[in-house]
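# Structural overview for review
These are the residues of each chain, in order.
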Amino acid sequence: MSLLTVENLSLGYESNVIVKNLNFSVNAGDYLCIVGENGSGKSTLMKTLLHLQSPLGGQILAGDGLKKNDIGYLPQQTQVQKDFPASVYEIVLSGCQASCGLRPFYNRKDKDLARKNMERMGITALAKRCYRELSGGQQQRVLLARALCATRKILLLDEPVSGLDPKVTAEMYKLIAELNEEGITIIMISHDIAAAVKYASNILHIGKNVFFGTKNEYLKSDIGKVFLQQNSSSQEEQNA
């Protein structure tokens with residue numbers, strides 16, 4: 001069943017259109033990777049899906065009873081956010097805020113959910129640690145646990161492995177894949193095209209050319225072949 005359907009969506013700021021007439025859908029259980037060149041509108045699309053920014057045209061339709069506060073979100077971190085002086089437990093528990101409604105406090109159900117998701121992410125032992133004292137990989141696990149407190153259906157992840165070393169990156173991708181296998185729908189922005197074609201069920205490529213389809217269809221498409229080649233060449237230059 002479709003959780004999100006995007007119809008003729010145009011993205012941008014004021015009169016500056018970045019993407020025009022975008023169409024795609026996300027079904028329950030999908031693992032959608034959004035790829036494309038820098039500045040192509042990937043983060044703008046993510047903000048629009050989260051209703052943090054209004055589209056310039058078109059519409060986003062929610063299905064299967066999905067509500068705005070049913071979406072878990074892991075954004076790219078700023079330096080200020082990395083230095084946030086709160087405990088791990090407090091940050092994870094804050095993911096329950098949307099479900100509190102008018103209730104000005106966390107109840108036992110919220111606290112149990114926070115503990116469950118900390119255990120799920122392997123960070124229970126870090127509960128009392130200050131967030132800003134953690135490594136980058138540990139911080140991402142905390143934020144993923146927080147996002148899981150907001151949803152049982154769908155996670156939106158904006159470059160979740162940015163700045164992480166290869167070992168921690170592999171661990172994070174494994175965690176995300178396991179969540180998807182458990183039934184959580186994933187929408188992830190990634191500059192890592194190799195990981196996208198390894199883990200994703202579907203690919204949305206935006207930019208001058210737009211593609212939406214299965215991973216295998218993307219690998220066979222002209223746009224996919226060109227983008228994969230460009231990224232392979234860029235990676236070789238960085239490693240030289």
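Residues numbered from 1 in each chain as written. Predicted model: local features only at pLDDT ≥ 70, side-chain atom pairs only at ≥ 80, totals over all residues. Heavy atoms only, no water.

This part takes up the overall build of the chain. Secondary structure summary: the chain contains 10 helices and 9 strands in total. Against the globule reference of 18 Å for 240 residues, the chain gives a C-alpha radius of gyration of 18 Å, in line with a compact fold. Projected onto its principal axes, the C-alpha coordinates of the chain cover approximately 50 × 45 × 35 Å. A total of 240 residues make up the chain; the buried ones form 46% of that total. In the chain, the proportion of contacts linking residues at least 24 apart, taken out of those at least 6 apart, comes to 68%. Accessible area for the chain stands at about 12600 Å²; split by element, carbon and sulfur atoms hold 49% of it. Computed over 27 positive and 24 negative side-chain charges, the inter-centroid distance for the chain is 7 Å. (Helix = DSSP H or I, 4+ residues; strand = E, 2+ residues; numbered from the N terminus. Rg over C-alpha atoms; globule rule 2.2 N^0.38 Å. Buried < 20%, exposed > 50% of the residue type's maximum accessible area, 1.4 Å probe, protein only. Contact = heavy atoms within 4.5 Å. Areas by Shrake-Rupley, 256 points an atom, 1.4 Å probe, with all protein chains shown as cover. Lys, Arg positive; Asp, Glu negative; His and termini not counted. Charge placed at Lys NZ, Arg CZ, Asp CG, Glu CD.)

A few words on the nonpolar core. The nonpolar side chains of a soluble globular protein tend to be buried, and buried together. Ranked by size, the top nonpolar core spans 49 residues in total, and within it Val92, Ile123, Leu144, Leu155 and Tyr218 carry the most contacts. Among all residues touching Leu155, those that are not within four sequence positions of it are Gly72, Leu144, Ala147, Leu148, Leu179, Ile184, Thr185, Ile186 and Ile187. Ranked by size, the runner-up nonpolar core spans 23 residues in total, among them Leu4, Ile154, Leu204 and Ile206. (Core = buried A, V, L, I, M, F, W, Y, C linked by side-chain atoms within 4.5 Å.)

As a further point, take helix 6 (residues 136-149). Between the first and last C-alpha of helix 6 there are 20 Å, a value that for 14 residues agrees with the 20 Å anticipated at 1.5 Å per step. In terms of residue burial, helix 6 counts as a mostly covered element, since 10 of its 14 residues are buried. Buried residues of helix 6: Gly137, Gln139, Gln140, Val142, Leu143, Leu144, Ala145, Ala147, Leu148 and Cys149, and no others. (Expected span 1.5 Å × (residues − 1).)

Within the secondary structure, Asn180 sits in helix 7 (residues 166-181). Engagement of the side chain of Asn180 in a polar contact is seen with the backbone oxygen of Asp30, the distance being 3.2 Å. If near-sequence neighbours (up to four positions away) are discounted, Asn180 is found in contact with Gly29, Asp30, Tyr31, Thr185 and Ile186. (Polar contact = N/O pair within 3.5 Å; in protein donor to acceptor, adjacent residues only side chain to side chain.)

On to the packing of aromatic side chains. If you walk through the whole model with that rule in mind, you get 3 aromatic pairs. On the numbers, 5.4 Å between centres and 25° between planes, the contact of Tyr173 with Tyr199 is stacked. You can see Tyr173 sitting in helix 7 and its partner Tyr199 sitting in helix 8 (residues 193-199), a full 26 residues away along the chain. Accessibility expressed as a relative area gives 4% for Tyr173, which makes it buried. For the ring pair Phe211 and Tyr218, a centre distance of 5.3 Å and an interplane angle of 55° mean the geometry is tilted. (Phe/Tyr/Trp six-rings, centres within 6.5 Å; stacked < 30°, edge-to-face > 60°.)

This part takes up the pattern of salt bridges. Under the counting rule described, the total for this entry stands at 6 salt bridges. Across the salt bridge formed by Glu171 and Arg141, the nearest N and O atoms sit 3.9 Å from each other. Pair noted here: Glu171 is in helix 7 and Arg141 is in helix 6, with a separation of 30 residues, a long-range link. Linking Lys167 and Glu171 is a salt bridge whose minimum nitrogen-to-oxygen distance equals 2.7 Å. With Lys167 and Glu171 both in helix 7 and 4 residues apart, the pair spans about one turn of that helix. If you follow the salt bridges from partner to partner, you end up with Arg141, Lys167 and Glu171 in one network. (Salt bridge = Lys/Arg side-chain N within 4 Å of Asp/Glu carboxyl O.)

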